[in-house]
Amino acid sequence: MAVFVSGRGSNLQALIEGIAEHGIPAEIALVVSNKPEALALERAERHGIPTAVFSPADFADQDAFADALLKRLYETEIDLICLAGFTLILPYRLLAAFPQRIINIHPSLLPAFGGKGMYGMHVHRAVLASGAKYSGATVHIVTEEIDGGPIICQEVVPVEDDDTPETLAQRVLEVEHRLYPRALQLMVEDALEINGLRTRIKQRAD
Ligand code: GRF
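Analysis parameters
- Residues numbered from 1 in each chain as written.
- Predicted model: local features only at pLDDT ≥ 70, side-chain atom pairs only at ≥ 80, totals over all residues.
- Heavy atoms only, no water.
- Near = heavy atom within 4 Å.
- Polar contact = N/O pair within 3.5 Å; in protein donor to acceptor, adjacent residues only side chain to side chain.
- Areas by Shrake-Rupley, 256 points an atom, 1.4 Å probe, with all protein chains shown as cover.
- Core = buried A, V, L, I, M, F, W, Y, C linked by side-chain atoms within 4.5 Å.
- Buried < 20%, exposed > 50% of the residue type's maximum accessible area, 1.4 Å probe, protein only.
- Helix = DSSP H or I, 4+ residues; strand = E, 2+ residues; numbered from the N terminus.
- Domains from an automatic or database assignment.
- Contact = heavy atoms within 4.5 Å.
- Expected span 1.5 Å × (residues − 1).
- Axes fitted to C-alpha atoms, helices over the stretch in contact; angles between N-to-C directions.
- Parallel < 35°, antiparallel > 145°, perpendicular 65-115°, else oblique.
- Left-handed = near helix turned anticlockwise from the far one by under 90°.
- Nonpolar A, V, L, I, M, F, W, Y, C, P; charged D, E, K, R; others polar.

A. Inspection of the site of the ligand at higher detail. For the ligand, the full set of nearby residues is Arg-8, Gly-9, Ser-10, Asn-11, Gly-85, Ile-105, His-106, Pro-107 and Glu-176. For the ligand, an oxygen atom lies 2.6 Å from a polar atom in the side chain of Ser-10. Within the side chain of Glu-176, a nitrogen or oxygen atom sits 2.7 Å from an oxygen atom of the ligand. With the chains in place, 85% of the 370 Å² that the ligand exposes on its own is no longer accessible.

B. Highlighting the nonpolar core. Judged by nonpolar contacts, the single largest core of 40 residues is most densely connected at Val-3, Leu-12, Ile-28, Val-31, Val-139, Ile-152 and Tyr-180. Here this core takes nine residues from helix α6 (residues 165-188), the largest share from any one element. When we break this core down by domain, the ones giving at least three residues each are domain 1 (1-98) and domain 2 (105-206). Leaving out residues up to four positions away in the same chain, Tyr-180 has contacts with Asn-11, Leu-15, Cys-82, Leu-83, Ala-84, Ile-103, Asn-104, Ile-105 and Val-139. Counting residues in each nonpolar core, the second largest holds 21 residues, with Ala-2, Ile-81, Leu-90 and Val-142 among its members.

C. Local environment of the side chain of Thr-138. With respect to the secondary-structure elements, Thr-138 resides in strand β6 (residues 134-141). A polar contact of 3.1 Å, which involves the side chain of Thr-138, links it to the backbone nitrogen of Leu-110. Residue contacts for Thr-138: discarding those within four places in its chain leaves Asn-104, Ile-105, His-106, Ser-108, Leu-109, Leu-110, Ile-151, Cys-153, Gln-154 and Leu-179.

D. Focus on helix α1 (residues 10-22). With 13 residues, α1 ought to run about 18 Å at 1.5 Å a step, and its terminal C-alpha atoms sit 18 Å apart, in line with that. Within the span of α1, buried status applies to Ser-10, Asn-11, Leu-12, Gln-13, Ala-14, Leu-15, Ile-16, Gly-18 and Ile-19. Those residues of α1 hidden inside the fold are in contact with β1 (2-5), β2 (30-33), α2 (39-46), β4 (81-83), β5 (102-106) and α6. Phi turns positive one or two residues past the end of α1, at Gly-23, with a value near 60 degrees.

E. Seen up close, the packing of α1 against α2. Closest axis-to-axis distance for the α1/α2 pair is 9 Å, and the angle between their directions is 20 degrees. The angle between α1 and α2 falls in the class roughly parallel. As α1 packs across α2, the resulting crossing turns out to be right-handed. Contacts between α1 and α2 involve Ser-10, Leu-12 and Gln-13 from the first element and Ala-40, Arg-43 and Ala-44 from the second. Per-class residue counts for the contact of α1 with α2 are three nonpolar, two polar and one charged.

F. The arrangement of unusual backbone geometry in detail. Going from Leu-110 to Pro-111, the amide bond is cis rather than trans, its omega being 10 degrees. Along the chain, the position of Pro-111 falls in the loop between β5 and α5 (121-130). Unusually for a residue other than glycine, Asp-147 sits at a positive phi of about 60 degrees. Its place among the elements puts Asp-147 in the loop between β6 and β7 (151-158).

Geometric values such as these leave the question of function open.
See below:
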């Protein structure tokens, strides 16, 4: 699998640790960042994971960017992509090349507080401004609709009366770190049945 990052990389760290702790049969073979300064790249290197920087600004157009990235993913025999704080909207070619094989973590209870412009602190500010009493984290399959693909798993986080965007973000992040490895496990074990936007754990015959 590959993990796509743009920043801090705490979810990348949670995936690395989750794979080891829970014996998830997955190998992070590549970490891709669109930003050369991403702290996540240092985390990957510390764990001996190969890294690559692909920035659209270095390519003539979106197609050239997508083709170069795809070439690298195929060379590395990637068959699952986890977005972990990746701030770019994926080119259509990439989505088409990995149908139902790209997953993302989002710091709210989707479909609430998702979509264009809803990332990072924008999400937590919007949750507080709405007066919602609960927020949470969601892992979902990536489709063309931003934050709109089938939901793999979610966990609820209460909003406290004196929360600031920062304190809420921190409480949600702790949940993200246990949710993402769980979602990864379901994906690599091919445990999900997907029907439209609904997913369920497959019933095994045995
Ligand atoms: C997380 O809150 C994640 O839900 C969102 O971006 C943030 C990334 O944090 N997509 P990190 O880089 O994994 O620490």
